[in-house]
Amino acid sequence: TSQKMLFGVHAQVSFIPTMAVNSLGGLREHQAHGRTVQALAFADNLVFSASSEGDIASWSVTAGGKVSEKRRAKSAHAGERITGLAIIRLSSLASIGFDGCLRVWNLNGLQEVARMPSGLPSGVRLFVLEASSKWLVAGSGDDGAKAGGCLSIWEVQDDSKPSGKPHIHVRAHSDNVYGLALEDAKQSHLWSGGRDGALQLRELSGAGEAKLLRRITVGESIRSVCVCAEAGAVWFGTNTGILNVCDMKLAKAPLTLSVHRGALYAIVWVRFQGKTVLLTAGKDFRLCSVTGSSPPGTKLRGEPGSANELCSLQPHSGRAPPFLESLCLVTSRSGPPTLLAGARDGRLVIASLRMGGSLGKSGRKRPASAMKLPATIKVSKKPASSQPSPVDSEAAPAAGPLRRMGSGVVSWRPGLDDWIFSGRLWGLHAGRRRWSTI
C-alpha cells in the first residue's frame, strides 16, 4: 500500500485479491418461460420459478445441472405479472404479483392454499418478497405517485401460513421498494432499499411496530439487498452496477465496488470451501462472483472485495435482451452448489460453482480474472470542490507491479464521507498482492 498527494490530500490504494469462484461447471440453458423469470426459490429439492407472464413452475435439478419440469400453475395471479417468491419455513411457497395479492402454495402440487390481499390502495404494485421464520414482507410502490414505497408485513403463524391481513403497514420509502432482507436473531431486523436511494434498517415486533433504527442514502436507486449474519455484512446493489458493503447496523458509510455495467438486480451468498462468496446478476447479461468483501468496523479489515466475471449470456435473435434478473442457489451435501439465474427472455442458466486460481509467489490462489479487475481508491478527506475531477494515471510507477494503468474519475456521493476513484488496473504481476501509487 502506497500513498501520494492527490488534489492536496493523501490517497491510499489498497486491493487484496482472494480465492474466488472463477468458473462455472456444466453450464446449461433451459427455456423455462416465455417471458422474464422474475423470481426464483429453492426448497425440498425443488426449484420454483415465476414469470412476468403469470406462471409459477417447479423443477427438479440433478447434480449434473439437468432440469425437468414437475408442475406448473398457469395464470397463478389472475394472469398478472408475478414479481416475488419466498419459502415459508421450508413447508410452503409464497408469491406476490401485480394483482395486489399474497398467495400461498403447497410445495409438491403447486396448489393454492391461501390468499391474502395486501390492503394497499388500487394502483400500488408489489415488487419484492422476503420471508424468515417469523415474518413475511412485501415491498411495493406506485412510481412515487401517492403511496410511495410501502412495506406490508405479515406474521407467520404456527401452521406456517401468514396472518389473514398484514400485521404491519408502513410507508418506508418515497418511491418503489426493490430490495429486502430479513434476519431473525434476538430481534427481528429488516433491511429495505428502494428507488429513492435509501437503505433502511428496522426492528419488527409482535406489537405491530416496525421501528426505524438507521437510514443511509447513496444517491441512486437500490435494486437488491442481501444480508449475512455470519459475515456481519449487508450488501446492496444499485442501478449503475455498484455493489455496496456495510455493517449490519449501518453504522458506517459503505465501501463500494463496480461489478456490473448496468443495474445489479440480484445478490445471493454461499459459504463454500471456507469462504463467503457473493454471486451477482445484472443488466449487462453477466454473472459475477465477489470475494474478500468485508464491512468497515468488523474484525476483518474493511475491503470492497474483488469481482470476477463468470459468464455472459448471449442474446437470441429477435428476443428480449437477456438481462439477468433473479438468482437462486441449490445446495448439495455431495457436491458444489448449483447456481440458477433467471433471464428477461425466459431462460434459466444452470451451472455448478468452481473454486480456484493460479498460484503466485505468495503460494495463495489467485482469481483467474486477476489480470483485469476493478479497483477502489479511498481519499482520506474531501477536497474543497465537490465537482468530479479527472485523474490521469497513464504513467506506471517506477518500482510498482503495474505495467500500465487506465484512467478514472474521482467523485463524491452525498451522504458519504469519502471520495471514490473508479477505474481499472491493468497488467498485474502474478504473486503480487498490492499496488504502488498512481
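A.B. asks: How would you sum up unusual backbone geometry? Please name residues and give values.
C.D. replies: If you check the backbone angles, Asp-44 has positive phi at about 55° while not being a glycine. Tracing the backbone through its elements, the reader meets Asp-44 in the loop between strand S4 (37-43) and strand S5 (46-51). Classification of Asp-44 by relative accessible area gives partly exposed; the value is 47%. Look at Leu-90: it is not a glycine, yet its phi comes out positive at around 60°. Take Leu-90: it is sitting in the loop between strand S8 (82-88) and strand S9 (92-97). Residue class for Leu-90 comes out exposed when judged on its relative accessible area of 65%.

A.B. asks: So what about the side chain of Ser-352? Which residues, and what values?
C.D. replies: For Ser-352, the location among the structural elements is in strand S30 (residues 347-356). According to the relative accessible area criterion, Ser-352 is buried, its value standing at 17%. Those residues in contact with Ser-352, other than ones at most four positions away along the chain, are Ser-23, Leu-24, Gly-25, Pro-336, Pro-337 and Thr-338.

A.B. asks: Explain the packing of aromatic side chains residue by residue, including any values.
C.D. replies: Counted under the stated rule, the structure contains three aromatic pairs. For the pair Phe-127 and Tyr-178, a centre-to-centre distance of 5.5 Å together with 75° between the ring planes defines the contact as edge-to-face. Of this pair, Phe-127 sits in strand S12 (residues 125-131) while Tyr-178 sits in strand S16 (residues 177-184), and the two are 51 residues apart along the sequence. Judged by its relative accessible area of 15%, Tyr-178 falls in the buried class. Plain terms: the ring middles of Phe-285 and Phe-323 are 5.8 Å apart, the flat faces sit at 15° to each other, and that makes the pair stacked. In this pair, Phe-285 sits in the loop between strand S25 (275-282) and strand S26 (286-291) while Phe-323 sits in the loop between strand S27 (306-312) and strand S28 (324-330), placing the two residues 38 residues apart along the sequence. The structure contains a cluster of three or more aromatic residues connected by ring pairs, namely Phe-98, Phe-127 and Tyr-178. Its guanidinium or amino end placed over the ring of Tyr-178, Arg-223 lies 4.1 Å from that ring's centre, counting from NZ or CZ.

A.B. asks: An account of the side chain of Thr-280 is needed here, citing residue identities and associated values.
C.D. replies: Tracing the backbone shows Thr-280 in strand S25. Separated by 2.8 Å, the side chains of Thr-280 and His-260 make a polar contact.

A.B. asks: How would you sum up the nonpolar core? Please name residues and give values.
C.D. replies: Core analysis: the largest hydrophobic core is formed by 21 residues, its most contacted members being Leu-24, Leu-287, Leu-324, Leu-327, Leu-339 and Leu-353. Going through the elements one at a time, strand S24 (264-272), S25, S27, S28, strand S29 (338-343) and S30 are the ones with two or more residues in this core. The biggest single contributor to this core is S24, with four residues. Sequence-distant contacts of Leu-287, defined by excluding residues within four places in its chain, comprise Leu-24, Thr-280, Ala-281, Asn-308, Glu-309, Leu-310, Cys-311, Leu-324, Leu-327, Leu-339, Ala-341 and Val-349. Ala-86, Ile-96, Leu-136 and Val-156 belong to the second largest nonpolar core, which has 18 residues in total.

A.B. asks: Kindly report on the pattern of salt bridges, identifying the contributing residues and their values.
C.D. replies: Enumeration according to the criterion identifies eleven salt bridges in this entry. Between Arg-103 and Glu-112 there is a salt bridge, and its shortest N-O distance comes to 3.3 Å. Given a relative accessible area of 31%, Glu-112 falls into the partly exposed group. Note that Glu-309 is salt-bridged to Arg-286, the shortest N-O span being 2.7 Å. Linking Glu-309 in strand S27 with Arg-286 in strand S26, this pair joins segments that are 23 residues apart in sequence. Overall, the relative accessible area of 39% leaves Glu-309 in the partly exposed class. Linked through salt bridges whose partners overlap, the residues forming this network are Asp-99, Arg-103, Glu-112 and Arg-115.

How each quantity is defined
Residues numbered from 1 in each chain as written. Predicted model: local features only at pLDDT ≥ 70, side-chain atom pairs only at ≥ 80, totals over all residues. Heavy atoms only, no water. Helix = DSSP H or I, 4+ residues; strand = E, 2+ residues; numbered from the N terminus. Buried < 20%, exposed > 50% of the residue type's maximum accessible area, 1.4 Å probe, protein only. Contact = heavy atoms within 4.5 Å. Phe/Tyr/Trp six-rings, centres within 6.5 Å; stacked < 30°, edge-to-face > 60°. Lys NZ or Arg CZ within 6 Å of the ring centre and 35° of its normal. Polar contact = N/O pair within 3.5 Å; in protein donor to acceptor, adjacent residues only side chain to side chain. Core = buried A, V, L, I, M, F, W, Y, C linked by side-chain atoms within 4.5 Å. Salt bridge = Lys/Arg side-chain N within 4 Å of Asp/Glu carboxyl O.

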